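Listed below are the residues making up each chain.
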Amino acid sequence: MTSFLETRGLVKDYPGVRAVDHVSLEFNEGEILGLVGKNGAGKSSVIKILAGASRPDEGEIVLDGAPLTLAHPHEATIRGMSFVHQELSVVPDLSVAENVELGLGYPRRGGLFLNFRKMHAKAAEVLERLGGGIDPRAPIGSLSVAEQRLVMIARALITDARLVVLDEPSASLTDEEINHMFAVLRDLASHKVSVVYVSHRLEEIFGLANRVAVMRDGALVADRPVSEFNVRTLIEEITGADASATANERRQSYGVGGRPDTEVALRVTGLNVTGKVSDVTFEIRKGEILGLAGLVGAGRTELVRAVFGADRRSSGHIEVNGVECQITEPRHALDAGIVLLPEDRRNQGLIRDFSVRRNMTIGTLRQHRYKSSLPLPSSQLERAAAQRAIESLDIKTASDQSPADWLSGGNQQKLILGRWLESGADVFIFDEPTQGIDVSAKEEVYMLMERLASEGRSVLFISSEFGELVGVCQRVMVLREGELVGEVSGEAISEVALLELCYGHSMSTAG
Amino acid sequence: MTEIETVGAGAGSVVGTSHSDRLREFVGKYGLLIVYAAAFVFFASKRGDSFLRIDTWTRTILSPTGFTPLLVLALGLTVVMAMGDFDLSFGNMVGLAGGTAGALMINYDINWVVAILIALLIGVAVGVANGYFVAYLNASSFVITLAAGTILFGFETLWTNNRSISGLEVQSFLNLDEIKVIQNIRLPFFVAMAFFLLVWLMLDRTELGRFMYAIGGNREAARLAGIRVQRIRTIGFIVVAISATIVGVLLVANIGGTRSDLGTAFLLDAYASVFLGAAVFRPGQFNAPGTLVGVVFLRTIEVGLLQMQIDNSWINISKGVILLFGVLLSQLVVRQR
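Residues numbered from 1 in each chain as written. Chains lettered and ligands numbered in written order. Predicted model: local features only at pLDDT ≥ 70, side-chain atom pairs only at ≥ 80, totals over all residues.

Along the backbone of chain A there are 19 helices and 22 strands. For 511 residues, the compact-globule formula gives about 24 Å, and the C-alpha radius of gyration of chain A, at 26 Å, lands near that figure. Expressed as lengths along the three principal axes of its C-alpha atoms, the size of chain A is roughly 80 × 55 × 45 Å. Per-residue burial for chain A yields a buried fraction of 49% across its 511 residues. (Helix = DSSP H or I, 4+ residues; strand = E, 2+ residues; numbered from the N terminus. Rg over C-alpha atoms; globule rule 2.2 N^0.38 Å. Buried ≥ 20, exposed ≤ 12 C-beta atoms within 10 Å, placed from the backbone.)

This paragraph deals with the overall build of chain B. Each helix and strand counted, chain B has 14 helices and two strands in total. For 337 residues, the compact-globule estimate of 2.2 N^0.38 gives 20 Å, and chain B sits close to it at 22 Å. Reported as C-alpha extents along the three principal axes, the dimensions of chain B are approximately 70 × 55 × 35 Å. The 337 residues of chain B split such that 46% are buried.

Our focus in this paragraph is the domain arrangement of chain A. Along its sequence, chain A is organised into domain 1 (3-241), domain 2 (244-337 + 424-510) and domain 3 (354-423). Measuring from the centre of the C-alpha atoms in domain 1 of chain A to the corresponding centre in domain 2 of chain A gives 34 Å. (Domains from an automatic or database assignment.)

In this structure, Ile338, Val427, Ile429, Phe461 and Leu498 of chain A are the most contacted members of the largest nonpolar core, which totals 241 residues. Of the residues forming this core, the biggest block, 16 residues, is contributed by helix 11 (residues 229-255) of chain B. Residues within four places of Ile429 of chain A in sequence aside, it is in contact with Val304, Phe308, Ile338, Val339, Leu340, Leu341 and Leu460 of chain A. (Core = buried A, V, L, I, M, F, W, Y, C linked by C-beta atoms within 7 Å. Contact = placed C-beta atoms within 7 Å.)

This paragraph deals with the environment of Ile327 of chain A. Residue and element names in this part refer to chain A. Along the chain, Ile327 turns up in the loop between strand 17 (323-325) and helix 11 (330-336). With 23 C-beta atoms packed within 10 Å, Ile327 lands in the buried category. Between the alpha carbons of Ile327 and Phe308 there is a distance of 7.2 Å; along the sequence they are 19 residues apart. When sequence neighbours within four positions are dropped, the list of residues in contact with Ile327 reads Gly309, Ile318, His332, Ala333 and Ala336.

A few words on the pairing of strand 1 (residues 3-14) of chain A. Residues and elements named next belong to chain A. Here strand 1 pairs with strand 2 (residues 17-28) via eight bridges, running antiparallel. From the neighbouring strand, Thr7 faces strand 2, where its bridge partner is Leu25. Relative to strand 4 (residues 58-63), strand 1 is paired through five bridges, and the arrangement is antiparallel. Of the residues in strand 4, the one forming a bridge with Leu5 is Leu63. (Pairing = 2+ DSSP bridges.)

This paragraph deals with helix 3 (residues 67-82) of chain B. In this model helix 3 of chain B runs 22 Å from its N-terminal to its C-terminal C-alpha over 16 residues, within 8% of the 22 Å that 1.5 Å per residue would give. Within two residues after helix 3 of chain B, Gly84 of chain B carries a phi angle of roughly 80°, on the positive side. (Expected span 1.5 Å × (residues − 1).)

A few words on the environment of Leu365 of chain A. Within the element layout of this structure, Leu365 of chain A appears in the loop between helix 13 (356-361) and helix 14 (379-393). Leu365 of chain A sits 17 residues away from Glu382 of chain A along the chain, and the two C-alpha atoms are 8.0 Å apart.

Moving on, we get to the sheet that holds strand 18 (residues 338-341) of chain A. Residues and elements named next belong to chain A. Spatially, 18-19-20-15-21-22 is the arrangement adopted by the six strands of the open sheet, whose pairing is mixed. Each having just a single partner strand, strand 18 and strand 22 (483-489) make up the two edges of the open sheet. Neighbour-to-neighbour, the strand axes of this sheet turn through a mean angle of 20°, independent of strand direction. Here strand 19 (residues 427-431) pairs with strand 20 (residues 458-462) via five bridges, running parallel. Across the sheet, residue Ile429 finds its bridge partner in strand 20, namely Leu460. (Axes fitted to C-alpha atoms, helices over the stretch in contact; angles between N-to-C directions.)

What follows is the structure, given as structure tokens:
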């Protein structure tokens, strides 16, 4: 096998994070490379650089021995690289053929009118190679997800791509559809195409790839033939050396740990969200920090949003402190004592035009009236409440009248927590609260969760950084493809244990 | 994939308040008032004899047929626009309310109080319908209220057989327009000011108003903070419809009859006033005091230019230019953030 494309020392920095850390990777003709790593390990950042969608801060891409600068995604296409993204990038109203040839220059008649006959013939030819059965004239919106993905692969064929990159292509595909796609990819490889397959599903990597590259914290940590891995060693590479640290070791470094009560604060029974979450049942005790782990797309956010009434659930019961609650909108959840700190705090948490003070009091405005019988907020009481929260949470702000926009990510997170501190809520749901904030702010967030728990309140903590869950939680449950697949508690919590559940592999049996 | 943000930036640091920053902010907040003062001085020096007389103001600038309808409608509009919605139906709602009240009194001899109440009831129903389609069924407020306006116009012409009604002689009803409260200032001016106070207090002093601004700031965040977004947006459309009903009734009392184009003439000026209003006091935010300034500004320009016997075409051009620059002025501050 000959290498035709390589990256040399790619580096990409985002503020506060090195997303890609000196990655040098070779791509060989006719080889299927499995690219794996945790959420945020840098896989997508590398792919984006290859696709010309972002530019590296350091390093270069070398094609056929010559350095290549990609200023625009279109150049990657011209150079024979094709990308099938996780989210389908099709134009639903256009036909299959129009999608296949979109942006590649449709065949024309007399330079002006589209030559549909030729267009359909060209598309039909490549679709035939993919197993056939797809009508080039059909609107692409009428196709199944699997078929739409094949159409995106057809795009790669029609451009005679030498490199085809697929990012999580098997999501929402059935086993049969996946097998068909694998056959197509193997056929591509036999025609000297280099295939890069990004997936969280390790069994697919072992079933398909010739070579596996593992990324962790932006760096390439392993790059070997697939035969040199087994599931255990692969998971170890993915998680890193400290993955097997036990809960206690972790907890010491985080300095937290709770003493949960026996009384149940929140009980969710048989919760379903069509297509996202199936039949989830769990409970949180008072004073407990319960972790919720899972890979991207496992349905964690969907689950908690449904519990909070932010999204519609198709079935399921919610009990708070033993009382069944009818929750169909966030107001009901708040009245029942459930609070959600949303994942996307800028777009779902903050009211941008509002000052710190007004952001703080918007959820509990009723508690700050001049007279309890009149719906008139008292700015004095609001000011006092905001000051209390700023002090108690140590929020760094010039004044409570500053625009909330001016705060740093960590302080915005604390601001949104401050909104609910005096609401008397019993259950706090934190959805990725430490995403995008710096290390010391993260530690403050852990301490605040711990404080809530020590006050007898309950915390549900969603995180993609499993190390945090290991360090902070007394119990962690794991969601995979919308289903609750397991739970670990106490001493048994470790990153490896969580990842095994996430990937659906037991290392002791498969390893 | 990676969230991009400046870690730690801005926290605790006192944001620069240099000389130019403060000047910028002052111009952004009060620039429109300065322009207004300049226009005022200009008109006073050119046509001081008539422009500075109280009579001129009460009969023209603050007139029952110019000032009152514009202010009441613009205030209603301020409420929905604070929540990020539009209403294009209120012009025709004015016509429908006027037509309803007028037709009931003239054609059916119905008591004027009952006639007003029925018009109000219809107004509320229209607001609820607009709100239901926009807030609950998640349709674009632009399209829904455009459709509603067309439908309302149809009903109005149906009610009145597509004819102007005149010869209304119910004196107690006509008094709504004619009663002089203080000196020569007639009742409609005070109705408008009372409505102003009401909307001002509601937006700036009540929980409801705070929720409305929160919805305008970030609808999804407001919902997740427990605000009943759908209900409150619907209330906004009801406020607009009620403001249109008030205007319709007062205009019918003024002309002693009704025409189908009673309110449509105010549509664009109302929007202009609200946008101008967002250029003063709280740049970028629709607010009641700002709207009042916007209305007075537009009325002054219009009357001032008329007194100078300037062609109507130029009045329109001037108003447009003022709107353009007023909005740019407010951007001075907003863009900085």
